[in-house]
Amino acid sequence: GRLAFSGPAAATRAGDLAAQAQEAGVEIVQPAWAGGVYEGNLVPVYQGNTMYRFRAGEIVIATGVVEQPLVFGKNDLPGVMLGSAARRLVNQFRIVPGERAVVVTADDLGIDAACDLAEAGMEVVAVADLRDGEEDERLAMCGIEHLTGFAPVEARGRKEVTGVVVARGSERQSLQADMLVMSGGTVAQW
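Here the structure is a predicted model, which is why all the values come from computation and not from measurement.

Peer 1: Describe the overall build of the chain, listing the residues and the values that go with them.
Peer 2: Each helix and strand in the chain was counted, giving four helices and 13 strands. Expressed as lengths along the three principal axes of its C-alpha atoms, the size of the chain is roughly 60 × 30 × 30 Å. Put simply, the chain has 190 residues, and 34% of those count as buried. Taking the intrachain contacts of the chain between residues at least 6 apart in sequence as the baseline, contacts between residues at least 24 apart amount to 51%. Summed over all atoms, the accessible surface of the chain reaches about 11,500 Å², with 50% contributed by carbon and sulfur. In the chain, 16 side chains carry a positive charge and 25 a negative one; their mean positions are 7 Å apart.

Okay, structure coming up:
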């Protein structure tokens, strides 16, 4: 899943996990998808034009998680996107989606997105982190300002993002950017 587009270290981890599974006797069928679970643990698996029928002794349903957006004014402007979308663009498709970004986050996925964007050559102005606490060392290594305790108030722009206003209590900052990346955490997908 997410390891496939989370950068070189994650791709290496995905390869290591696949190798461990194969060494344990697990057959990996990919790219493929399960079409359902039926009586007697019948699971049809589709790979291209072929359907395999597996009868499983046990089934583990690992549905994954969905990244949540943050809610703020004009969060639907072109140029506002989820951290997972930005990471997929730079790591899987080698597309740099803008020139100057601000990341607003409530979790470490936003920190990861900021570092990936910086490594791809984008200028990341700052990470506005809803969480209070210490500054993240990864951001310091990437040369990105970490604004802890700041929440997004409103994206700026009419037809596209030109910046964002973030606030911590009564303190407000206006940051200019052509891209706004957000990560509001994840929830289990059912």
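Peer 1: Describe in detail unusual backbone geometry, supporting the description with residues and values.
Peer 2: Gln30 connects to Pro31 through a cis peptide bond whose omega is -15 degrees. The backbone of Asn41 shows a phi angle near 60 degrees, a positive value even though the residue is not glycine. Positionally, Asn41 belongs in the loop between strand 1 (33-34) and strand 2 (42-47). Here Lys74, not a glycine, exhibits a phi torsion of approximately 60 degrees, which is positive. A relative accessible area of 37% places Lys74 in the partly exposed class.

Peer 1: Could you give an account of helix 2 (residues 83-91), with specific residues and numbers?
Peer 2: Within helix 2, the full set of buried residues consists of Gly83, Ser84, Ala86, Arg87, Val90 and Asn91. Along the axis of helix 2, the buried positions cluster into a sector of 160 degrees, meaning they face one direction only. Looking at the buried side of helix 2, the elements it contacts are strand 4 (65-67), strand 5 (80-82), helix 3 (108-119) and strand 12 (179-183).

Peer 1: I'd like a description of the side chain of Asp129, backed by residues and values.
Peer 2: For Asp129, the location among the structural elements is in strand 7 (residues 123-129). With relative accessibility at 2%, the residue Asp129 sits in the buried group. Ignoring any residue separated from it by four or fewer positions in sequence, one finds Asp129 in contact with Thr105, Ile111, His146, Leu147, Thr148, Gly149 and Phe150.

Peer 1: Can you break down the environment of Arg94 residue by residue, with the values?
Peer 2: Position of Arg94 among the secondary structure elements: in the loop between helix 2 and strand 6 (100-105). Each C-alpha atom of the pair Arg94 and Asn41 lies 40 Å from the other, and the pair is 53 residues apart in sequence. Polar side-chain contacts of Arg94 include one of 3.3 Å to the backbone oxygen of Val90.

Peer 1: How would you explain the sheet that holds strand 1 if you had to name every residue and give the values?
Peer 2: Strand pairing in a sheet relies on backbone hydrogen bonds. The paired strands run either parallel or antiparallel. Here three strands make up an open sheet; going across it, the order is 1-2-3 and the pairing antiparallel. What marks the edges here is a single partner per strand, and that holds for strand 1 and strand 3 (50-55). Relative to strand 2, strand 1 is paired through two bridges, and the arrangement is antiparallel. Each bridged residue has a counterpart across the sheet, and for Trp33 the counterpart in strand 2 is Tyr46.

Reading the values: rules and limits
- Residues numbered from 1 in each chain as written.
- Predicted model: local features only at pLDDT ≥ 70, side-chain atom pairs only at ≥ 80, totals over all residues.
- Heavy atoms only, no water.
- Helix = DSSP H or I, 4+ residues; strand = E, 2+ residues; numbered from the N terminus.
- Buried < 20%, exposed > 50% of the residue type's maximum accessible area, 1.4 Å probe, protein only.
- Contact = heavy atoms within 4.5 Å.
- Areas by Shrake-Rupley, 256 points an atom, 1.4 Å probe, with all protein chains shown as cover.
- Lys, Arg positive; Asp, Glu negative; His and termini not counted.
- Charge placed at Lys NZ, Arg CZ, Asp CG, Glu CD.
- Arc of directions from axis to C-beta.
- Polar contact = N/O pair within 3.5 Å; in protein donor to acceptor, adjacent residues only side chain to side chain.
- Pairing = 2+ DSSP bridges.

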